[in-house]
Structures are given as C-alpha cells and as structure tokens.
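# Chain and residue survey
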Amino acid sequence: MSVLEKTRAPEQPPRAAREPRITDEHGRRVRMWELALRYVLLLAVLALTIGPFLWQLSTSLKGPTEDIYSSPPTFLPGDPTLHNYARVADTIPVWDYALNSLKVATANVVTNCVGAALAGYALARLRYRGRRAATLAFILAMLVPVEGIIIAQFTTMRDLGLNNTLIGVVLPGCIGAMNVLLMRNAFLNLPYEIEEAAFVDGANVWQRFLRIALPSVKGTLAVVAIFAFMGAWDDFLWPLIVLSDPSKFTLTIGLNYLHGTFANDERLVAAGTIIAVAPLIALFACLQRYFFRGVGEGAVKG
C-alpha cells in the first residue's frame with residue numbers, strides 16, 4: 001500500500017446516511033414535512049380541545065375591572081383573583097351540591113365496576129345457554145336512546161317511592177351496557193390456559209375471577225370507572241327530572257342557577273364551570289396510568 005493511500009482521508013458517508021433517521025412505530029421512515037404536518041395537526045386539535053377550558057380558567061381569575069370582551073382578547077389576567085370562586089359559594093350552596101354529585105358519582109363508579117366486571121366475566125368465560133342472547137341484549141341496549149326510556153324510568157322510580165332521592169338518581173345508571181361489553185372484551189383477551197391451570201389446582205369460579213381474571217383487567221376497570229364518574233357527574237337531564245328538593249340537587253343542576261339568574265356575569269359562570277370540571281381532571285390524573293394500558297392487557301407475563 002502506498003503512502004498516498006495510507007494518508008488519504010476516509011470517504012464521507014452519503015448525506016442521507018448522515019441525517020438522523022426518524023421512524024414511526026412500524027419502523028417506516030417519516031419525512032420531515034410529514035412530521036411537521038403531524039405536529040401542526042396535533043397543536044390544532046390541542047387548541048380546539050384545551051383552548052376553551054383555558055379561556056374559562058382565565059375568565060374566572062379576572063377581576064371586575066378587567067374587560068373580558070376586549071379586542072384583541074387578553075388571555076392572561078392582569079390581576080388574578082379568586083374572588084369569583086367565593087362569589088359562587090355565596091350565591092349558591094355549591095359545596096353541598098358538589099357533595100351530592102360526589103355521592104352519586106361514587107355510587108355509580110362502585111356499582112358499574114362491580115356489576116360490569118361480574119356480568120362481563122359471565123359473558124366471556126362461563127358456559128351456559130343463552131350467553132349469546134344475553135350479549136345481544138346488551139348490544140341492543142346501547143342502541144336505545146335515553147330520551148326514549150326516560151319516562152319509563154321516571155314512572156318506575158315513582159312506583160318504587162324513590163323520586164326526589166339520590167338513590168333514584170343512581171339506580172337507572174348503576175350498570176351501563178357499554179361498560180359490560182368493555183369488561184367482556186377485556187376478559188375475552190385473557191388466555192384460557194391460565195384459568196385451566198387454576199381449575200386443575202382446585203380453584204373455583206370465584207377464586208379464578210378474583211385472583212386471576214380481575215387483576216389482569218385493571219386498565220379496563222379504570223376506563224369503566226372514568227366513564228361512570230364522568231357520566232354521573234355531568235348528567236343534567238335525569239337529576240333535573242327526579243329531584244325536586246333543592247337540598248338534594250347535584251352540581252350540574254345547581255350551576256344552572258348561575259346561567260339563569262346571573263347570565264351576564266361571565267366571571268361567575270366561568271368560576272362555577274371550573275369547580276365542576278376540576279374533579280374530572282383530578283380523577284383522570286390519578287387513573288391515567290391504567291387508562292392507557294388497554295393494548296397489552298391480558299397478555300401472559302413471565
């Protein structure tokens with residue numbers, strides 16, 4: 001080998017090879033303009049979903065001297081204050097209403113998690129006549145609009161003597177058809193070999209359900225809990241029909257007085273809206289680690 005060949009600088013790799021390679025979850029290369037377009041779309045969706053909430057939060061923190069209709073609008077409050085939240089508590093018994101909503105939502109979460117888990121396990125893992133017909137009944141129940149059966153629900157609660165009670169608010173939604181089907185699909189993804197091994201070891205149905213199946217579907221249980229809490233906390237029509245005593249009103253009904261009597265005071269309405277949304281954000285923050293576990297749920301861990 002000559003001296004010239006020894007001292008020659010190594011050849012530079014092609015420019016495409018020197019550039020960082022960006023791939024998606026399937027290993028396919030993503031071009032820079034495609035990546036930029038994805039981020040633009042994500043930011044647009046974020047602005048549409050989070051923007052109204054942030055604007056309500058900003059409005060609730062603005063003082064009476066600040067113009068909330070200024071052009072161009074000012075997003076950050078110049079002099080933040082919590083006085084609007086105190087005014088909400090002075091206008092309506094908001095904490096009593098929130099406690100009633102919490103009771104209803106907690107009972108709805110417990111009944112849906114327990115009932116949907118039991119029904120979903122029976123539909124997915126047990127063998128008996130009429131199992132397919134029962135599954136079809138739950139599917140058809142999802143197709144019936146709430147407005148079509150709300151009169152029948154009201155007459156049922158009246159005949160049971162549960163009108164104007166929080167139990168009457170909870171009872172019609174204590175087990176949702178969609179939650180049962182979610183739990184059924186989660187239990188179907190579990191390998192049968194695990195339960196067969198437990199059956200050989202002498203485990204009965206309850207032991208297989210409580211010790212094997214149920215711990216493997218925590219992610220779906222979290223989804224059911226979030227959906228049940230949101231549905232009960234945000235429900236307005238059914239509590240409005242059942243309840244007549246103001247001391248038993250839920251938060252959604254109580255906040256309606258702010259919209260009706262104090263509709264011109266947007267700061268007061270915004271503060272009441274933030275009070276109603278805050279528990280939902282807290283619940284999702286606590287259960288988000290389980291909420292996104294659905295993809296790998298039911299897999300064999302070894």
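Along every chain, residues carry numbers that run from 1 in the direction the sequence is written. Given that this is a predicted model, residues contribute local features only at a pLDDT of at least 70 and side-chain atom pairs are listed and counted only at 80 or more, while totals for whole chains, interfaces and linings are drawn from all residues. As a rule here, side-chain values cover all heavy atoms of the structure and leave hydrogens and water aside.

## Some details on the confidence of the model for the chain
Averaged over all residues, the pLDDT of the chain equals 82, while 86% of them reach at least 70. This stretch, residues 298–302, has a pLDDT under 50; its non-local contacts, to residues over four places away or in other chains, come to seven contacts. Scored from 0 to 100, pLDDT reflects the predictor's confidence in each residue. We call two residues in contact whenever any of their non-hydrogen atoms come within 4.5 Å of each other.

## Re the packing of helix α9 (residues 177–188) against helix α12 (residues 218–234)
Angles run from 0 to 180 degrees between N-to-C directions of axes, and those axes are lines fitted to C-alpha atoms, restricted for helices to the stretch in contact. The secondary structure listing takes helices from DSSP runs of H or I that are at least 4 residues long and strands from runs of E that are at least 2 residues long, numbered from the N terminus. Closest axis-to-axis distance for the α9/α12 pair is 10 Å, and the angle between their directions is 170 degrees. If you check the angle between α9 and α12, you find them roughly antiparallel. On α12, the residues touching Met-178, Asn-179, Leu-182, Met-183 and Ala-186 of α9 are Thr-220, Leu-221, Val-223, Val-224 and Phe-227. In this classification, the charged set is Asp, Glu, Lys and Arg, the nonpolar set is Ala, Val, Leu, Ile, Met, Phe, Trp, Tyr, Cys and Pro, and all remaining amino acids, among them Gly, are polar. Of the residues that constitute the contact of α9 with α12, the class distribution is eight nonpolar, two polar and no charged. Here the angle decides the label: under 35 degrees means roughly parallel, over 145 means roughly antiparallel, 65 to 115 means roughly perpendicular, and every other value means oblique.

## Some points on the layout of surface pockets
Approximately 930 Å³ is the volume found for the largest pocket. Taken together, 28 residues form the lining of the largest pocket, with Val-146, Gln-153, Pro-172, Gly-173 and Gly-176 sitting closest to its centre. Among the secondary structure elements, those contributing two or more residues to the lining of the largest pocket are α5 (94–125), α6 (131–143), α7 (146–159), α8 (166–170), α9, α12 and α13 (237–242). The dominant element in the lining of the largest pocket, judged by the number of residues it contributes, is α7, at five residues. Looking at the lining of the largest pocket, its residues break down into 19 nonpolar, seven polar and two charged. Of the grid points, spaced at 1 Å and generated over the protein atoms alone, those admitting a 1.4 Å probe that cannot get out make up cavities, while open sets with protein on both sides within 12 Å along at least five of seven lines make up pockets; any residue with an atom within 4 Å of a point is treated as lining. Grid points are joined across faces, edges and corners, and a volume is the space filled by probe spheres set on the points.

## Looking at unusual backbone geometry
Positive phi outside glycine occurs at Asn-164, with the angle close to 65 degrees. Along the chain, Asn-164 falls in the loop between α7 and α8.

## Thoughts on the packing of aromatic side chains
Side-chain rings of Phe, Tyr and Trp, where Trp is taken by its six-membered ring, are said to pair if the distance between their centres is within 6.5 Å; with planes under 30 degrees apart they count as stacked, over 60 as edge-to-face, and otherwise as tilted. This structure, assessed with the given rule, holds six aromatic pairs. Seen in terms of ring centroids, Phe-187 and Phe-209 are 6.2 Å apart; in terms of plane orientation they differ by 50 degrees. Their pairing is tilted. With a gap of 22 residues between them, Phe-187 in helix α9 and Phe-209 in helix α11 (residues 205–213) connect regions that are remote in the sequence. Note on Phe-187: relative accessible area 0%, which makes it buried. Counting every residue linked through ring pairs, the aromatic cluster contains Tyr-121, Phe-187, Trp-206 and Phe-209. Arg-125 extends its terminal NZ or CZ atom over the ring of Tyr-192, reaching a point 4.1 Å from the ring centre. We call a residue buried when its accessible area falls under 20% of the maximum for its residue type, exposed when it is over 50%, and partly exposed in between, using a 1.4 Å probe and counting protein chains only. Placement of a charge over a ring requires the Lys NZ or Arg CZ to be within 6 Å of the ring centre, with the centre-to-atom vector within 35 degrees of the ring normal.

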